[in-house]
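Tertiary structure, described
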Amino acid sequence: TEDVSSMPNDSKQKTTLNVALYPYIPDLDGDNHQNLLKYIKDEFEKRYRTVRLVLRPMDIFDPFYDVGELSKWLNSSGNAYDIVEVDTVLLG
């Protein structure tokens, strides 16, 4: 693999990581988790500079308990996610 640490910033290729976070957490700021999502993205990208983190907006109405839908999220080529955070109840 190529060492990107010595390359100029504009020539570094970033890997995109699409993540769907489990949405059932308190929205302490009342901003639909926008501050939390920004914090996670900023801190992650600060630590992993070659990765562009894309977080799915948190929505409690998303089908996080529908195994078939979650499977589609991980296997589809269109709106696929690399990581889907799930409730441990789904792990059996």
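Note: the structure precedes this text.
My aim in this report is to walk through the structure given alongside it, one point at a time. Because the structure is predicted, anything quoted here is derived from the model rather than measured.

1. Some details on the overall build of the protein chain
If you tally the helices and strands in the protein chain, you get two helices and three strands. Taken from the N to the C terminus, the helices and strands of the protein chain come in the order β-α-β-α-β.

2. Here's the deal with the packing of aromatic side chains
For the structure shown, the criterion picks out seven aromatic pairs. The interplanar angle of 55 degrees and the centroid separation of 5.6 Å between the aromatic rings of W73 and Y81 together place this pair among those described as tilted. Classification of Y81 as buried rests on a relative accessible area of 15%. Connected via pairs of aromatic rings, a cluster forms that spans Y22, Y24, F64, Y65, W73 and Y81.

3. Let's talk about the pairing of strand β2 (residues 51–55)
Here β2 shows a buried face lined by V51, L53 and L55 and an unburied face lined by R52 and V54. With five bridges joining them, strand β1 (residues 15–20) and β2 adopt parallel strand pairing. Within β2, the position partnered with L17 by the bridge is L53.

4. Focus: the environment of Q13
As for its position among the elements, Q13 is in the segment before β1. The spacing of Q13 and R52 is 39 residues in sequence and 9.8 Å in space, taken between C-alpha atoms.

5. Examining the environment of A20
Along the chain, A20 turns up in strand β1. Residue class for A20 comes out buried when judged on its relative accessible area of 0%. As a C-alpha pair, A20 and L70 span 50 residues in sequence and 9.8 Å in three-dimensional space. In this structure A20 touches R56, F64, W73, Y81, I83, V84 and E85, once residues within four positions along its chain are discounted.

So, how was this worked out
- Residues numbered from 1 in each chain as written.
- Predicted model: local features only at pLDDT ≥ 70, side-chain atom pairs only at ≥ 80, totals over all residues.
- Heavy atoms only, no water.
- Helix = DSSP H or I, 4+ residues; strand = E, 2+ residues; numbered from the N terminus.
- Phe/Tyr/Trp six-rings, centres within 6.5 Å; stacked < 30°, edge-to-face > 60°.
- Buried < 20%, exposed > 50% of the residue type's maximum accessible area, 1.4 Å probe, protein only.
- Pairing = 2+ DSSP bridges.
- Contact = heavy atoms within 4.5 Å.

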